[in-house]
Amino acid sequence: MHDFLRNLPKVELHLHIEGSLEPELMFALAQRNGIELPYDSVQEVTDAYHFKDLQGFLTLYFQGMSVLRHEEDFYDLAIDYFKRARNEGVMHIDMHFDPQAHLQRGVPLDVVMTGLLKAKQEAEQTLDLSIGMIMAFLRDRPAEEALDVLEQASPYWQILDAVGLDSAEQNNPPAKFAAVFERAKQLGLVRVAHAGEEGPAEYIQEALDVLDVQRIDHGVRCLESDEVVARLRSDQTVLTVCPLSNVSLKVVNDLRDHPLPRLVAEGLKVTISSDDPAYFGGGMLANHIACAEAFGWDEAVFRQLTRNAIEEAFVSPSRREALLARLSSV
Ligand code: ADE
Ligand code: ZN
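Residues numbered from 1 in each chain as written. Chains lettered and ligands numbered in written order. Predicted model: local features only at pLDDT ≥ 70, side-chain atom pairs only at ≥ 80, totals over all residues. Heavy atoms only, no water.

Close contacts around ligand 1 come from His16, Leu54, Phe57, Leu58, Tyr61, Asp166, Ser167, His194, Glu197, His218, Asp275 and Asp276, and that covers them all. Separating a nitrogen atom of ligand 1 from a backbone N or O atom of Ser167 is a distance of 2.8 Å. Between ligand 1 and the protein, one listed contact pairs a nitrogen atom with a side-chain N or O atom of Asp275 at 2.6 Å. The fraction of the free accessible surface of ligand 1 (260 Å²) that becomes covered by protein chains is 99%. For ligand 1, the cavity whose grid points lie within 2 Å of the majority of its atoms is the largest cavity. Its residues assigned to classes, the shell around ligand 1 shows four nonpolar, four polar and four charged. (Near = heavy atom within 4 Å. Polar contact = N/O pair within 3.5 Å; in protein donor to acceptor, adjacent residues only side chain to side chain. Areas by Shrake-Rupley, 256 points an atom, 1.4 Å probe, with all protein chains shown as cover. 1 Å grid on protein atoms, 1.4 Å probe; cavity = no way out; pocket = protein on both sides within 12 Å on 5 of 7 lines; lining within 4 Å. Sits in = over half its atoms within 2 Å of the grid points. Nonpolar A, V, L, I, M, F, W, Y, C, P; charged D, E, K, R; others polar.)

This is the structure:
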C-alpha cells in the first residue's frame, strides 16, 4: 500500500505555503536575516507544536513566517516544499499564500509574489509539478484591508487562479467578506473559502450563497446539517479535507474518529490535502498513509479521491488530461 500511495499521482488542493516552513529552514532564514527566534533548537520548535485549537496554531504560524523578508526567502520556502512534495509523488499543488501576514510586517506584495512565482516557474519547468496560486485573505482582519490588498494585487490578477479565505474562522463568518468576493467575481477570479473547519455548517452554506465559492476548504462540519450535505452532494462541490491537520488542531480527537469515511459514504466530492505540513506531522504521503491505516481504505478509494482532486485542480485542460492518464496507469 505504501508503494501504491507513493506512486499515486497526488494532487494537493489545500496547502498554505507559509505552513510548509520546516524548522530547519526557519532557523537558516532567521540567521540569514539576523532575526531572533524564541527557540534554541529545532527540537524546541517541534516540541512547541502541540496545539489546543486553530488559534493556538495560528499564533505560532505567524511567528514562524516572520523569518520571511526577501524575495529569495519566499523562493526558498516554496521550492523547498515543491521538491519534497514531488519526491512524495505529488503532481500538482494549489498553493494558498497570505499577503496580509507579510504586508503587516512591512514586506511588500511584490517581494512575496516575485519569490513565489520564481519557484512556481522552476517547479513547472524542471520538476513536472504544476502550481496553482490562491491569494488568501485573513478573515480575522477587516474586510476593507482585504479589499485594499485585492486592488493592490492588480498586476497579478491575470496569474491568480483564485482568491481564498483563511485564518480564525469562529465569529468571522463568510458574509463579512461579501464585498471583497463580489469584487473578485467582477474581476473574473475564482473564489474558494475555508468553512466548516472550526466554524458551523451554516458557514459552508453562507460561503456558497454569499461568496459564491467553487470549493470549500475543510468542510468537515457539513455533517452537522443534512441540508448542507444534500446541497454539497447534489452540486458535487469539492471539499479539501486535511486529516492530520484536523487531528493536530483538535477538530477530531483521533484520526479513527475522523468523519472522512462518512463524507465519502455520503457521496461528497472529497479530496485529501496537508494544509500546513510542517506543523501537522507531514505532507501528502503521510496524510494518505495515515488514512490507509486509520480507515483501512483500499486502492479504489484513493484512486477516486485523486480523480476528484485532478478534476477540480486549477490546471490547463492538457495538464488535466495528462494527470488523468497518469492516474489510469498506476
Ligand atoms: N491558515 C493556515 N492554516 C489554516 C487552517 N488550517 N485554517 C485556517 N487558516 C489557516
Ligand atoms: Zn487551510
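Before going further, it helps to examine unusual backbone geometry. Here His218, not a glycine, exhibits a phi torsion of approximately 75°, which is positive. Turning to its location among the elements, His218 is positioned in strand S6 (residues 215-218). The backbone of Asp275 shows a phi angle near 70°, a positive value even though the residue is not glycine. Structurally, the position occupied by Asp275 is in the loop between strand S8 (269-272) and helix H14 (284-295). (Helix = DSSP H or I, 4+ residues; strand = E, 2+ residues; numbered from the N terminus.)

Another point: the coordination of the zinc ion (ligand 2). Donor atoms from the polypeptide that coordinate the zinc ion (ligand 2) comprise His14 (NE2), His16 (NE2), His194 (NE2) and Asp275 (OD), at 2.0 to 2.2 Å from the metal. Between the four donor atoms coordinating the zinc ion (ligand 2), the angles at the centre fall across 83 to 172°, so the site counts as irregular. Mapping the donors of the zinc ion (ligand 2) onto the primary sequence yields the spacing H-x1-H-x177-H-x80-D. Here His16 is found in strand S1 (residues 10-16), whereas its partner Asp275 is found in the loop between S8 and H14, with 259 residues between them in sequence. With respect to burial, His16 and Asp275 carry one shared label: buried. (Donors = N, O, S within 2.8 Å, 3.2 Å for Na, K, Ca; no water. Tetrahedral: all angles 85-135°; square planar, octahedral: opposite > 155°, others 65-115°. Buried < 20%, exposed > 50% of the residue type's maximum accessible area, 1.4 Å probe, protein only.)

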